[in-house]
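Structural features, examined
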Amino acid sequence: MHAINQKLRVVDLHDLSFGKDFLRDLSQRGLTCQVLTLRSSHFRKLNMMGEFMRIHTLNLDFSSSLTSFQEDCFTCMPNLMCLSLCDTRISNLWTTFAALSKLPSLVELRFQNWSCCNDVGSYSASSSGKSDDKTDSNQPNSVDYGGRLSVNVGDVTNQNSSTEQGLRNLFLINNVVINDDVQGMAEDSSDDSDLDFSNPLQEHGSVELLSNVFAGGNRQVNPPNEASFDNLQNQNEAEPFEGVFTKHIGDVTLTYISYHASPICFEKHYREYMIASLPHLRLLDNLPIRKIDQERAMIKFSEYFENLPYRRKHKENVVHMLQKREIRASQTHAQSHGQKTSNLYGKSQYFYTRSLCAAKMGSSAWPFLHPLSVSGSNLGGESRSFRPRQFEYHPSDSSLMVFGTLDGEVIVVNHENGKIVSYIPSLGAMNSVLGLCWLKKYPSKLIAGSDNGSLKLYDIHQMQSTIAGIYSGAGSVTFDDFDQLTSVHVNFTDELFLASGYSRDVALYDISSGRRLQVFTDMHQEHINVVKFANHSPSLFATSSFDQDVKMWDLRQKPIRPCYTSSSSRGNVMVCFSPDDHYLLVSAVDNEVRQLLAVDGRLHLNFEIASTGSSQNYTRSYYMNGRDYIISGSCDEHVVRICCAQTGRRLRDISLEGGGGSRSSMFVQSLRGDPFREFNMSILAAYMRPRSRSEIFKVNMLASSDYAKEHLDGQQAFPTNSMGG
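Residues numbered from 1 in each chain as written. Predicted model: local features only at pLDDT ≥ 70, side-chain atom pairs only at ≥ 80, totals over all residues. Heavy atoms only, no water.

**With respect to the sheet that holds strand β15 (residues 388–393)**
Spatially, the 4 strands line up as an open sheet ordered β15-β16-β17-β18, and their pairing is antiparallel. The open sheet terminates on both sides in strands that have one partner only, identified here as β15 and β18 (419–424). With direction set aside, neighbouring strand axes in the sheet form an average angle of 20 degrees. Sheet topology note: the β15/strand β16 (residues 400–405) ladder contains 5 bridges and is antiparallel. Bridge pairing in β16 links Pro-388 to Thr-405. (Pairing = 2+ DSSP bridges. Helix = DSSP H or I, 4+ residues; strand = E, 2+ residues; numbered from the N terminus. Axes fitted to C-alpha atoms, helices over the stretch in contact; angles between N-to-C directions.)

The structure is reproduced here in structure tokens:
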């Protein structure tokens, strides 16, 4: 191919299992062809960095390993007009747009193929590998996404049929049988996360409706229904344009069916997002984009999405914002000496913090995401493998985090440098640590609870383990057991804490005396997964149960009756107060996330996150940046969603697909917003089976992935195993 590179016009490399070196060489060196088909390729993260200056059509259909793009993967294709990504695993709207925005000539994009029923026969035939000479004369430089290449032959009509001229017209490699040597390449260890050989090549059927279940999730799709084309443009359904729809032109009714849809097509308001974000598009998924479609898309986008944090309309320059902040500081100093200040410099420091965040996020579509590295140097320098099960940030020390493990260990770590501050071994006293809570007035103390009911208070200043790992019980307090514990929480004054678990009861403990004061029985109809005290009231607490109810209680009223009850449509996984106690954030099974007014339980906001149809998709949500944003993740999905806590608009999705250089999909087990850093969080993520290990990931949305490349070379993450919520 390189020998005849200058003669190539059309390169078709579909239905072939290539070696890793071949694809890497192709992506890095490039080709001079105009049409390139890499159907069923094994790219996991696309990174086309070679010379592709002449290419105008790129087909990556059926590349079932493809999940995301490198940030600059399309900068080498300034003339690309048509791009097809049908039946891939791409799902993130934000990173996809950031990559596609580097294509100034892109006018046709496909993640699925909407086809008129009259075309089904030819589509099926071409998909099965049979030749079909029909070419759509209305779309001259397009690809038929069943696998048949149909291009404008204007560039090759003057060529004769000799061998040399044939090479100039077309270089075709097709239908090669996978042998053991090629499959063996999958076993080679590789540091290149851009390529994936984990799955054997599979044949794709000719027609696949949207009832397919995509890899990496348990999404269930409703049966196809019919609606008029124009009505579909206005619908508020979770997955618009799915299944079957009809279009009426005069007396003729045309039925359209979707083939080979990628998971991104199931994202809520996907079509409107793409149309609004890529204004130069003319065709999306075979459907033309009209002016009225663009107008409606802009309305939908402003209603359901935030382009930048805090509803900023335009990207701002970070340096410019820093200059304005410094000028304001000098003006404020001058004003203190009696001089008048203009409104331009009268902004609060909070305004500049938000502006800087918006400016940084605007330039960081791929956030800085990396596994937490833990050093065991104070454990004798030995290599340790921890299996984290739960974690909490310290409430007053921005550098500290505690995590408990499946083996009953409690580890306090400086998450900024990875050094272990305190290590408390299990010694058989605890099983999986499910509950952790720091005390606020006594910042060196924390309470840990395990699933066997064990409850202990530790002072980390007295829990330094020796090199030999010898542990003394001094400085710890043991409380009465609470069987099948799942949650503990300390009140505002550090006097009391509550415990809940796989029962309908809640236990109240006195911290100073170490006694269990009372057990409140039958507070719910099913087990109480999480109990939380208010942040500023020592007597108010909330309970969330799988009986679908969330209840508010007051210890001053001897909790016999709740202050109020609010019901979800599914079992509640957790509840938490906003930092100012104005709201309750309630997370129920399968992405049902609601915000309630804490004063009376009225619904304030429903975040309307699309469900997957799985009854085991346990969802957890927390606040970030005070009460400005919420972060939400579920254990059957590899994505964390960030939404505005006041409007519900989606700001960004953080994908853990292959995060930290891994090739395996991961799902979200738990997550917390960093209380000291804007748009920072940590995520407990577990690998999909059979790779049953897990990691704590740190996410900085204000730093790009390039920062990670520069600062994390050579660092290693600690290996862990699977974990629960």
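**Brief notes about the packing of helix α2 (residues 93–100) against helix α7 (residues 270–277)**
To describe two helices that pack against each other, one gives the angle between their axes and the distance between the axes. Contact geometry for α2 and α7: axes closest at 11 Å, N-to-C directions at 30 degrees. For the element pair α2 / α7, the angle class is roughly parallel. Handedness of the α2/α7 crossing: right-handed. Facing α2, whose interface residues are Leu-93, Trp-94, Thr-96 and Phe-97, α7 presents Tyr-270, Tyr-273, Met-274 and Ser-277. A per-class count over the contact of α2 with α7 returns 6 nonpolar, 2 polar and no charged. (Parallel < 35°, antiparallel > 145°, perpendicular 65-115°, else oblique. Left-handed = near helix turned anticlockwise from the far one by under 90°. Contact = heavy atoms within 4.5 Å. Nonpolar A, V, L, I, M, F, W, Y, C, P; charged D, E, K, R; others polar.)

**A closer look at the sheet that holds strand β14 (residues 367–371)**
The strand order β14-β41-β40-β39 describes an open sheet built from 4 strands, whose pairing is antiparallel. What marks the edges here is a single partner per strand, and that holds for β14 and β39 (666–673). Sheet twist, expressed as the average angle between the axes of neighbouring strands with direction ignored, equals 30 degrees.

**Re the environment of Met-53**
Along the polypeptide, Met-53 turns up in the loop between β3 (45–46) and β4 (57–59). The exposure class assigned to Met-53 is partly exposed, which follows from its relative accessible area of 41%. Apart from residues lying up to four places away in sequence, Met-53 is in contact with Cys-76, Pro-78 and Asn-79. (Buried < 20%, exposed > 50% of the residue type's maximum accessible area, 1.4 Å probe, protein only.)

**Some words on the nonpolar core**
Counting 54 residues, the largest nonpolar core has Leu-36, Phe-74, Met-77, Leu-83 and Phe-111 as its most contacted members. Elements represented by at least two residues in this core include exactly α1 (20–29), α2, α7 and α8 (291–304). (Core = buried A, V, L, I, M, F, W, Y, C linked by side-chain atoms within 4.5 Å.)

**Description of the UniProt feature "repeat: WD" (unreviewed entry) in the protein**
Mapped onto the present numbering, the UniProt feature "repeat: WD" (unreviewed entry) falls at residues 521–556. Within the segment residues 521–556, helix and strand shares are 0% and 50% respectively, and the terminal C-alpha atoms sit 17 Å apart. (UniProt positions renumbered as here; feature names shortened; annotations may be inferred.)

**Concerning the pairing of strand β38 (residues 650–655)**
Consecutive side chains along a regular strand alternate between the two faces of the sheet. Buried residues dominate β38, accounting for 5 of its 6 residues. Here 5 bridges tie strand β37 (residues 639–644) to β38, and the two strands are oriented antiparallel to one another. Note that in β38 the partner of Arg-641 across the bridge is Asp-653. Two successive antiparallel strands, β37 and β38, enclose a turn made up of 5 residues, where Gly-648 displays a positive phi of approximately 80 degrees.

**Details of α1**
Those residues of α1 not exposed but buried are Lys-20, Leu-23, Leu-26 and Ser-27. Looking straight down α1, one finds that the buried residues subtend no more than 140 degrees of arc, so they occupy a single side. Across from the buried face of α1, at angles greater than 90 degrees, the exposed residues are Asp-21 and Gln-28. Looking one or two places after α1, you find Gly-30, whose phi comes out positive at around 85 degrees. (Arc of directions from axis to C-beta.)

**A word on the side chain of Gln-595**
The topology assignment puts Gln-595 in strand β33 (residues 592–597). Looking at Gln-595, the relative accessible area reads 0%, which means it is buried. Polar side-chain contacts of Gln-595 include one of 2.7 Å to the side chain of Tyr-623. Among residues more than four places away in sequence, those in contact with Gln-595 are Tyr-583, Leu-584, Arg-602, Leu-603, His-604, Leu-605, Phe-607, Tyr-623 and Ala-645. (Polar contact = N/O pair within 3.5 Å; in protein donor to acceptor, adjacent residues only side chain to side chain.)

**Thoughts on unusual backbone geometry**
When glycine is set aside, most residues are seen to have a negative phi, and most peptide bonds are trans. In the Ramachandran plot, Asp-522 falls in the positive-phi region, its phi being about 50 degrees despite a non-glycine side chain. Looking at the element boundaries, Asp-522 is found in the loop between β26 (516–520) and β27 (528–533). The phi torsion at Asp-590 lies on the positive side, around 65 degrees, for a residue other than glycine. Take Asp-590: it is sitting in the loop between β32 (583–588) and β33.

**Regarding the environment of Cys-644**
Relative to the helices and strands, Cys-644 resides in strand β37. Judged by relative accessible area, which is 8%, Cys-644 ranks as buried. Spatially, the C-alpha atom of Cys-644 lies 9.2 Å from that of Arg-311, the residues being 333 residues apart in sequence. Look past the residues within four positions of Cys-644 in its chain and what remains in contact with it is Glu-306, Leu-605, Phe-607, Asp-628, Tyr-629 and Arg-649.

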